[in-house]
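Take a look at the letters that make up each chain.
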Amino acid sequence: MRLNLRAAALCAPLALATLLIADHAQAQSFGVEAHNTTMPASGGLGGTSIARPQDLTSAINGNPATVAQFEGTQFLFGGAWAEPTFSIQQTAPIPLLGVEPYGAKSHAQGIGSSAIGVTQDLRSLGLPATFGMGFFAAAAGGADFRHNPASNGTNAGLTALEITSSLGVDLTDRLSVGAAISLGTAFFDPPFVEIGGMTYDYALRGSIGADYDLSRHTNVGMYYQTKQAFRFKDAVQFEQLPDSPSLDVDMDLPQNIGFGIANDRLAQGRLLVMADVLYKLYDEAQLFSTVYDNQWVFQTGAQYTAGRYKYRIGYAFAENPLDENPGPNIGGITPPGGFAAVRYTQALLAITCQHRFSAGLGVSDVLPGVDMDFMAGGMFPDEEQLGASTSTSIESYWVGAGLTWAFDRCATKRRVTDCDECCE
C-alpha cells in the first residue's frame, strides 16, 4: 500500500501538467517552437540534446539517430508548465483595424506541454536499432487583449501537437543514423484583428540525423528537419466586405538544422558537458517569413552525477527573430491598415528574449526501475519597439517533471562507460 500511494503521489502532478495542453501563450520558445526546452531532463540543460539526450523524448523529438542510444524498453511520462508575462503598448490609433491607443497585459493563460514517449530496441530480433514513439506539444504562441475595448478584440493563438515515430540504427560501433516522421495537428487563431477565426489543419514533417563517437568520451550529432506546411481553410473573412469570400491562411513551421557535441571526460566521467547550435529557416516559412528572420540559437548544458543524483544547469542564447522590415503580406493575407497594421500584427508574435537559464535534478530509482527528473527555467525580460507606435514587453518562466520506467536497468544504460557501475 505504501508503495502504491508513493507512486500515485509521484504521478499526480505529471498527469495534471499533461492534461493542460490547450491554452495559448507566448512562453520559452524560439520563435514559436519549443524544441526540447521543456523536456524533463533536457529542460534543465537549456534544451541541449542533439548529441547525447538525457531523456528519451528529447531523442524522439530531436536528432532521431540518438534514439539508438536507448536500449531495452523504456517509457517516459512527463509534462511542463510555462507562464509568460506579455504586454503591449500602442501609442497611436490604427483606424482600419479599429484599434485605439492603449496599454495592457495579455490575459492569455500559461501553457502546459506534454512529454510522453516509449522506446523499444530491436536487438532481440537481430537488428542493431531502437524504435521510438512520442506525443509532444511542439509549438505555441499567442496573446489575448480582448478585455481592453481599445484593442478591438485583439487575440491570436497557435498550438501544434505532434505524434512522432522515430528509428535510430547503429551502422557501426561509432556511427548511428536515424529518421523520424511526425503527424502534426495545429489549432490556429490568426493574428488579424476582427477578420480571423480559429481553425485547424493536419500536416506531416520529417527528420534525418546522424551521431558519431569521436572517442570514448566525445560524440557529435546533427540533424535536419523539414518544414511543416499547414493551410487553415476559411480562416479570414473581411467584415468590411460582407460579400467577399473567406480566405485561407498558409503557415509553415520552419526547416531546422541542428549540430551538437557532448563530452564526459571531466571529473572522472561524472561531468557531462554539451553544446548545441540550431539554425531556423524562417525566411522560407509561410506567414513567419514576413514577421521573422532566420534565427540562430546557441545552447549549453552541464550535468554532474553523484551517486543516484544528477545535477543539471543550462543556458541558451536565441537571436531576436523579428524582421526589421516586414512585408505587407502575412500568410497570404494583407491586413487592412498598411505598415502600422503589419507592425501591430507582428507584435503579437514578438518572442524577443535572448537569454534563458535553466536548472534541473535527476534522481535514479525513486522506485525500483523508475527515475524522476525535475527542471525549471526562465527567460530574462525584454522590450521591443516595432515601428513608431507599437512596443512589447515579455518575460517567462517554466517548470516540469517526468518519470521514466526502465524495464531492464542494466540493458538500458546509454553508454558503455556507465554499464560497469550499473551491473556491479
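Asker: Whenever I open this one, the overall build of the chain confuses me. Can you help?
Answerer: Scanning the chain from terminus to terminus reveals 5 helices and 17 strands. Relative to its 424 residues, the chain shows a buried fraction of 55%. Long-range pairs, those at least 24 residues apart, make up 68% of the contacts in the chain between residues at least 6 apart in sequence. For the chain, the accessible surface area stands at approximately 17,300 Å², while carbon and sulfur atoms represent 60% of it.

Asker: What am I meant to see in the nonpolar core here?
Answerer: In summary, soluble globular proteins display a tendency toward joint burial of nonpolar side chains. One finds Tyr 102, Phe 145, Met 251, Leu 253, Leu 287, Phe 288 and Tyr 292 to be the most contacted residues of the largest nonpolar core, which totals 52 residues. Not counting residues up to four positions away in its chain, the partners in contact with Tyr 292 are Gly 31, Val 32, Tyr 282, Asp 283, Pro 321, Leu 322, Asp 323 and Leu 349.

Asker: Is there a simple way to think about the pairing of strand β15 (residues 355-367) in this case?
Answerer: The side chains of a regular strand alternate between the sheet's two faces. Pairing of strand β14 (residues 309-318) with β15 involves 9 bridges; the strand directions are antiparallel. In the sheet register, Tyr 315 faces β15, and the bridge partner there is Phe 357. Inspection of the sheet shows β15 paired to strand β16 (residues 370-386) by 9 bridges, in the antiparallel sense. When the bridges of β16 are listed, Gly 360 appears paired with Met 375. Count of turn residues in the β15/β16 antiparallel hairpin: 2 residues, of which Gly 369 carries a positive phi of about 80 degrees.

Asker: What exactly am I supposed to notice about empty space enclosed by the protein here?
Answerer: Using a probe with the size of a water molecule, rolled over the atoms, empty space left in the structure can be pinpointed. Tallied over the entire structure, the rule returns 6 cavities of 30 Å³ or more. Considered as a void within the structure, the largest cavity measures approximately 140 Å³ in volume. Listed by contribution, the elements that provide at least two residues to the lining of the largest cavity are α2 (56-61), β5 (155-170), β6 (175-189) and β7 (199-213). Grouping the amino acids of the lining of the largest cavity by side-chain chemistry returns 3 nonpolar, 7 polar and 3 charged.

Asker: Where do I start with the pattern of salt bridges in this structure?
Answerer: Proximity of charged atoms lets side chains of opposite charge pair with each other. Evaluation of the coordinates by the stated rule reveals 10 salt bridges. One salt bridge connects Glu 33 with Lys 280, and the closest N-O pair in it is separated by 2.7 Å. A residue pair is termed long-range when its members are at least 10 positions apart, and Glu 33 in the loop between α1 (2-19) and α2 and Lys 280 in strand β12 (residues 271-281) qualify at 247 residues. Look at Glu 33 and you get buried, because its relative accessible area is 3%. A relative accessible area of 0% means that Lys 280 is categorised as buried. What you see here is one network of salt bridges that share partners, running through Glu 33, Arg 205 and Lys 280.

Asker: Got a minute to help me understand the packing of aromatic side chains in this structure?
Answerer: What characterises a pair of aromatic rings is the spacing of the ring centres plus the angle enclosed by the ring planes. Counted by the stated rule, this structure contains 15 aromatic pairs. With 5.9 Å between their ring centres and 70 degrees between their planes, Tyr 282 and Phe 288 make a pair best called edge-to-face. Exposure class is identical for Tyr 282 and Phe 288. Each is buried. Pairing Trp 296 with Phe 298 gives two aromatic rings, centres 6.1 Å apart and planes at 10 degrees, and the pair type is stacked. Since its relative accessible area comes to 39%, Phe 298 is described here as partly exposed. In this structure an aromatic cluster arises from ring pairing among Phe 86, Tyr 102 and Phe 145.

Asker: Is there a simple way to think about unusual backbone geometry in this case?
Answerer: Phi is mostly negative for residues that are not glycine, and the peptide bonds are mostly trans. The backbone of His 35 sits at a positive phi, close to 50 degrees, despite the residue not being glycine. Looking at where His 35 falls in the secondary structure, it is placed in the loop between α1 and α2. Judged by its relative accessible area of 15%, His 35 falls in the buried class. Backbone geometry at Asp 365 places phi at a positive 55 degrees, although glycine is not the residue there. Given the relative accessible area of 36%, Asp 365 is considered partly exposed.

Asker: Is there a simple way to explain the pairing of strand β10 (residues 247-253) in this structure?
Answerer: With 5 of its 7 residues buried, β10 lies for the most part within the structure. When strand β9 (residues 228-236) meets β10, the two strands line up antiparallel, connected through 6 bridges. Residue Phe 232 lies in a different strand from β10, and its bridge partner there is Val 249.

Calculation notes
- Residues numbered from 1 in each chain as written.
- Predicted model: local features only at pLDDT ≥ 70, side-chain atom pairs only at ≥ 80, totals over all residues.
- Heavy atoms only, no water.
- Helix = DSSP H or I, 4+ residues; strand = E, 2+ residues; numbered from the N terminus.
- Buried < 20%, exposed > 50% of the residue type's maximum accessible area, 1.4 Å probe, protein only.
- Contact = heavy atoms within 4.5 Å.
- Areas by Shrake-Rupley, 256 points an atom, 1.4 Å probe, with all protein chains shown as cover.
- Core = buried A, V, L, I, M, F, W, Y, C linked by side-chain atoms within 4.5 Å.
- Pairing = 2+ DSSP bridges.
- 1 Å grid on protein atoms, 1.4 Å probe; cavity = no way out; pocket = protein on both sides within 12 Å on 5 of 7 lines; lining within 4 Å.
- Points joined across faces, edges and corners; volume = space filled by probe spheres on them.
- Nonpolar A, V, L, I, M, F, W, Y, C, P; charged D, E, K, R; others polar.
- Salt bridge = Lys/Arg side-chain N within 4 Å of Asp/Glu carboxyl O.
- Phe/Tyr/Trp six-rings, centres within 6.5 Å; stacked < 30°, edge-to-face > 60°.

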